[in-house]
Number of protein chains: 2
Amino acid sequence: MENMAFQALHCPVGANASFALGLPGSGGGFGLEQDRVPTQDVFIGLEKEGRIFCFPYYAHAVSAAVDSFVQTSTAEEEGVLRSYGVQDIRREYRYGSDTFEAGPLRFSIATPVRPLPDPAVTPADRMEEAVCPALAARLTVDNRGNPQPVRAFFMVSPMKGMTRLSDATAGQMKGMCSKDGYGFGVRNEGDSLLEAADFDLPALFGRRHPVMLTIAPMGGLLFTVPADTQKTFELVLGWYRAGAATGGEMRCTYLYTRYFPSLEAVLRYGLTRSRDWWEAAEESSRLLERSALSPERRFLVTHSVRAYAASTMLLDHGGDPLWVVNEGSYMMMGTLDLSVDHCFFELRQNPWVVKNQLELFADRYSYYDQCGIAFCHDCGTHQVFTPAGNSSYEIPNLRGCFSYMSQEQLCNWILMAGMYMERTKDAAWHARRLSLFRDCLHSMTARTGGRPDGIQHVDSSRCGDGWEITTYDSLDPSLGQSRENLYIAMKCWAAYLCLEKLLRDADPEEAGQALACAQRCARTVVSSFREDGGYIPAILDGKDRSAIIPAIEPLVYAVWIGERALLEPGGMFGELARTLRRHLETVLVKGVCLFPDGGFRLSANNTNSWMSKIFLCQYVAQEILGVPVSEEADRAHAAWWAVNTASCPAIDQILAGRSAETGFHYPRGVTTALWW
Amino acid sequence: MENMAFQALHCPVGANASFALGLPGSGGGFGLEQDRVPTQDVFIGLEKEGRIFCFPYYAHAVSAAVDSFVQTSTAEEEGVLRSYGVQDIRREYRYGSDTFEAGPLRFSIATPVRPLPDPAVTPADRMEEAVCPALAARLTVDNRGNPQPVRAFFMVSPMKGMTRLSDATAGQMKGMCSKDGYGFGVRNEGDSLLEAADFDLPALFGRRHPVMLTIAPMGGLLFTVPADTQKTFELVLGWYRAGAATGGEMRCTYLYTRYFPSLEAVLRYGLTRSRDWWEAAEESSRLLERSALSPERRFLVTHSVRAYAASTMLLDHGGDPLWVVNEGSYMMMGTLDLSVDHCFFELRQNPWVVKNQLELFADRYSYYDQCGIAFCHDCGTHQVFTPAGNSSYEIPNLRGCFSYMSQEQLCNWILMAGMYMERTKDAAWHARRLSLFRDCLHSMTARTGGRPDGIQHVDSSRCGDGWEITTYDSLDPSLGQSRENLYIAMKCWAAYLCLEKLLRDADPEEAGQALACAQRCARTVVSSFREDGGYIPAILDGKDRSAIIPAIEPLVYAVWIGERALLEPGGMFGELARTLRRHLETVLVKGVCLFPDGGFRLSANNTNSWMSKIFLCQYVAQEILGVPVSEEADRAHAAWWAVNTASCPAIDQILAGRSAETGFHYPRGVTTALWW
């Protein structure tokens, strides 16, 4: 990893909150329930002999805010400010922390990746720590060898509606809070620490004494470091939203409000826990570093897990926990076609959240069309739950983006249920949902339209005169159209396998039907292989000639429900696996499904490629089909994120290695969890 | 008034909320606790034979939001949309309403200007109506003569986190609400009304059936108007902020939350009251129209009262009402040097709010410096109350903007108290605050530094090595410096007059001292008149030669405490009045204190002139000093607002007729209340 100049999101879990830092010349800072990467100016540095040395994580060295008061233009005083250049900064971007060093300064943020215990069965003191919407950060200033004290600073601008943390904590801490629901602070050490608010750094250091000018945009802390001393300041960064966090169908609060009455309480608590958080962060980092993953893959894993955390909301709905992952900056809630891919992360990390979402969609966000049960795309957008049975995304009479995904979401719910059961053996839940599994089977088979090939031929009646689409909603029919689609045929195959297993003990006859359907799907896919081209076309209508990678995706579910043996040579689906291997070997070449830089091109028809799905397909290729993936691919993908889209962490849809970079950090990249 | 193409803010009282409309090519729409004029696209119009006709109050005909989903550029479809041009629109901008007519469309908003009853003594049913954070609006579509039905629309974009009002009101209303605390609706009339959400109008009307696509930014209502029919739809626009509305020193809710549990409750209630609101609006308009004011002055009155309403917050602090006026888009709370000028509006409208603020500043936002008591500039910013005894604005060691205004704020509190007592004869309050009046007198005299001229010679110790400034904070010393300033000398004169009256019955000796001080001030001012120039210099140091208008301002307080007779020829301050008249006649000429367009230039040294203070000085000139003010001046001032700063309603500081127009709507313009 050569380039370390990229934006990163550092986030507590379940708070829909983030602290962004890392792209020189760009802002970052605090975000809460935002559909954009934060753009505050973050000033971290020190003043020495009248000069200000600063990490370059800001866009505006001088605030224009003063102009509105004095009605004259501010003289540019940027000369006073010396930003460290990219070449001066050493960055360690680890799984559990992010550290920046330049000159005598070192700043780190801890983001341990830890299990989130199930609130229904976990004692309050453990939950309290797990859900506390705060992070630990450290600022170290090395003033050894200098006979003068220096003043270091941690400042954020703009902060609206500032209050001093010392006022709110009876002097226990110093720091700054904003009415917009975030703040930061340190343990009060007396006069060597100062809370200050001013227009900008030149204004602040231009005064003999720092001031608390709360009409000005910049607020933060000044730390005095004595002569010839190295000193570390332990910061806590926190977020808080009181009261109703969601509206519409369900009014929820953040679950952390059970334990913390206010932002100040969060920050105070964080102070008592930060040592543990640093230890946990170190442990997380070591875990990933002990894996065999390349530096590029470690970066992709780390980046994706952070964007995922940014998107999470752990809510309290009338006393019950409710888990919602926002679709990144799109802010759709609990999108089911993402959730199925989040399972690879969550079933290791927090299996209970998978069940939580299965229940939510079973109880409220499912519907019946002419074929039987189906599931909604999502359960709302921008903190507002849609009316039961409706998503925020799907509308009728379309043949592209925003149409229904009934077949795929039906598969997704089944696949999640199958993987969840395999992981947890949750017999009570299985018993309660048995009739729903049957409903799912009937709905699946009804969507074949009675045709013997086992694949989808019928669009949901909810589509009106449109047709169903897939999670690849913005692509051409090769991946965008659901009916007779190879990718969906394979998802149906995997869903039937899940249903077979879910029904095996309770209803051997229906289980047998499910298996028969899986076999029909497999036969259809295998028989669609074109010996002339050496691959399977994307649309199974006998006419299409498109080449895609994601045909192989659904093999992963067979493995995750413990049926890997079926894919072995001689196994029931050995031929399917073999055929897909041949398919993949044919298409995985430059000019077809590889870009010139070696990155994966999911559809040969389209420059739009999806990072989360690339990671998933890389896993299937290497670990299930035994098709090697070059390190060139990983280098390309790492560059797409770290260089080409450096301002927006973890964008999913990348067009020929680039993107508009308008803030589409995306949670689904946690398919990287498959790698290790 | 030729130009009617300007932005206007329509606001319920006490909710810090607004609906902006009126500038073609510019957005507007809903704002809540915003420091900017809202910039939503507002689409009001109709679709007829495949063409969309629309008022031009939007900036973006086609939304770019869809691009983030489909990752391709949207074709511009602006051709489908026909905006009415300025020449097609008839606008009636009245005191109680704002009406736009074009083609078959007519849209009006009602903003009645009514007293706000004192919550402490008013029955709940009357308070409920007075504080309801909602406005009535009307859309009339004339489809007579057309054999086809048409579809009219009222749409706003972007609205985040949309919910259908029909869902929240069990079908009683239809409309759209945003999680950001605003919404609108009409009585449900069945299928002729539709709630819809989509990307933009071309997308909406491009579908056969409107959809509810809540991930898209635009939401609103579609109204079917039958063939050959004229129909009026009664809309309610509402705002709502639940829970804590302020932080810092005092945690308050909006007082309206006592009566309304939710936005939906506000809108439902509005529906039942809108007929009365329209009647009250008509009454307000007629009241102003029956006055003798010119169209320009009627516009200035109307514009200023709306910006004032936009800035108001009626809060509930532990069961007690708390009145706070924000300093427009600067968002400083309860700024005292504005409040004294708001009295001319509020003592007629709602005297209890003046007392409410006097109490707040007496109890929490006063302090003692080396001279005695003084009052803070404000009590916070951006919904956060500063710690008691501190404003958000004042800091030490400055000689300009952001320094202390101790002397002027002391005067301001005394002047407000004097005017309040004259208006209400509130003996109980007078008795309770008597010792504070005495403190004020001692503090006033201490600030003369023992000099016999009665004017300020001592800066507050809070200034450190800086010095005090005045409300004219961004001006040169002619109006910006407090010490030995003519404007402040006159404010001291008026404050002493008030103190004399406040102390007259209880303590004749101290009252006599106060009057003696007033006489000293008056003598100093009169003796500073320069016969050679025919005016009084702005700084009374014997060296300054600046010419300013606001020397005459404080005469208004003498009148408002019932002491007009003192200014008559032969009265105790007849000579003072006569001298100020000569001063004004000298400076009120083009090239000195008039701009080339005839507009008032408050300081000959500066192009920065302050609308609210101009209105006040116009009143003093005409009604107290008998100096005529030309209609040319009113025409100039109306043009400064309606033409030169048309995008930002009621900016106070105007530089040679213009301004940066960055959102500085300002409440103090209600000094126009003096005119009628």
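Refer to the structure above for everything that follows.
Attention here is on the structure that accompanies the text. (Residues numbered from 1 in each chain as written. Chains lettered and ligands numbered in written order. Predicted model: local features only at pLDDT ≥ 70, side-chain atom pairs only at ≥ 80, totals over all residues. Heavy atoms only, no water.)

1. Remarks on the overall build of chain A
No. 1: Scanning chain A from N- to C-terminus turns up 17 helices and 27 strands.
No. 2: Overall, the C-alpha framework of chain A stretches about 85 × 50 × 50 Å when taken along its three principal axes.
No. 3: Among the 676 residues that make up chain A, the fraction classed as buried is 67%.
No. 4: At a minimum sequence separation of 6, the contacts of chain A that also span at least 24 residues come to 69%.
No. 5: A total accessible area of about 21,700 Å² is found for chain A, and carbon and sulfur atoms account for 48% of it.
No. 6: Charge-centre separation for chain A: the mean point of 63 positive side chains lies 2 Å from the mean point of 79 negative side chains. (Helix = DSSP H or I, 4+ residues; strand = E, 2+ residues; numbered from the N terminus. Buried < 20%, exposed > 50% of the residue type's maximum accessible area, 1.4 Å probe, protein only. Contact = heavy atoms within 4.5 Å. Areas by Shrake-Rupley, 256 points an atom, 1.4 Å probe, with all protein chains shown as cover. Lys, Arg positive; Asp, Glu negative; His and termini not counted. Charge placed at Lys NZ, Arg CZ, Asp CG, Glu CD.)

2. Here's the deal with the side chain of N644 of chain A
No. 1: Within the element layout of this structure, N644 of chain A appears in helix 17 (residues 631-644).
No. 2: Take N644 of chain A: its relative accessible area is 17%, and that puts it in the buried class.

3. Quick notes on the pattern of salt bridges
All names here are of chain A.
No. 1: Counted by the stated rule, this structure contains 86 salt bridges over all chains.
No. 2: Here K425 ties to E422 by a salt bridge, and the two come within 3.5 Å at their closest N and O atoms.
No. 3: Judged by its relative accessible area of 56%, K425 falls in the exposed class.
No. 4: Assessed through its relative accessible area of 24%, E422 is described here as partly exposed. (Salt bridge = Lys/Arg side-chain N within 4 Å of Asp/Glu carboxyl O.)

4. Remarks on the packing of helix 16 (residues 611-624) of chain A against helix 17 of chain A
Residue and element names in this part refer to chain A.
No. 1: Following both chains from N to C, one finds helix 16 and helix 17 inclined at 160 degrees, their axes separated by 12 Å at the closest point. Taken together, the axes of helix 16 and helix 17 lie roughly antiparallel to each other. Between helix 16 and helix 17 lies a crossing of left-handed hand. Here helix 16 contributes M611, I614, F615 and Q618 to the contact with helix 17, which in turn contributes A633, D634, H637, W640 and W641. (Axes fitted to C-alpha atoms, helices over the stretch in contact; angles between N-to-C directions. Parallel < 35°, antiparallel > 145°, perpendicular 65-115°, else oblique. Left-handed = near helix turned anticlockwise from the far one by under 90°.)

5. Examining the nonpolar core
Soluble globular proteins: nonpolar side chains tend toward being buried together.
No. 1: Within the largest apolar cluster, 239 residues are counted, with the highest numbers of intra-cluster contacts made by F107, F402, W413 and W493 of chain A.
No. 2: With 15 residues, helix 12 (residues 486-503) of chain A is the largest single contributor of residues to this core.
No. 3: Look past the residues within four positions of W493 of chain A in its chain and what remains in contact with it is A518, C521, A522, P554, L555, A558, L567, F573 and L576 of chain A.
No. 4: Counting 238 residues, the second-largest nonpolar core is a separate cluster that includes A197, F260, M421 and A551 of chain B. (Core = buried A, V, L, I, M, F, W, Y, C linked by side-chain atoms within 4.5 Å.)

6. Here's the deal with the sheet that holds strand 24 (residues 380-381) of chain B
Residues and elements named next belong to chain B.
No. 1: Taken in spatial order, the three strands make up an open sheet running 18-25-24, and their pairing is mixed. The outermost strands of the open sheet, each flanked by one partner alone, are strand 18 (247-248) and strand 24.
No. 2: With two bridges connecting them, strand 24 and strand 25 (residues 384-385) associate as antiparallel partners. Bridging across to strand 25, T381 finds its partner in V384. (Pairing = 2+ DSSP bridges.)

That is the geometry; function is a separate question.
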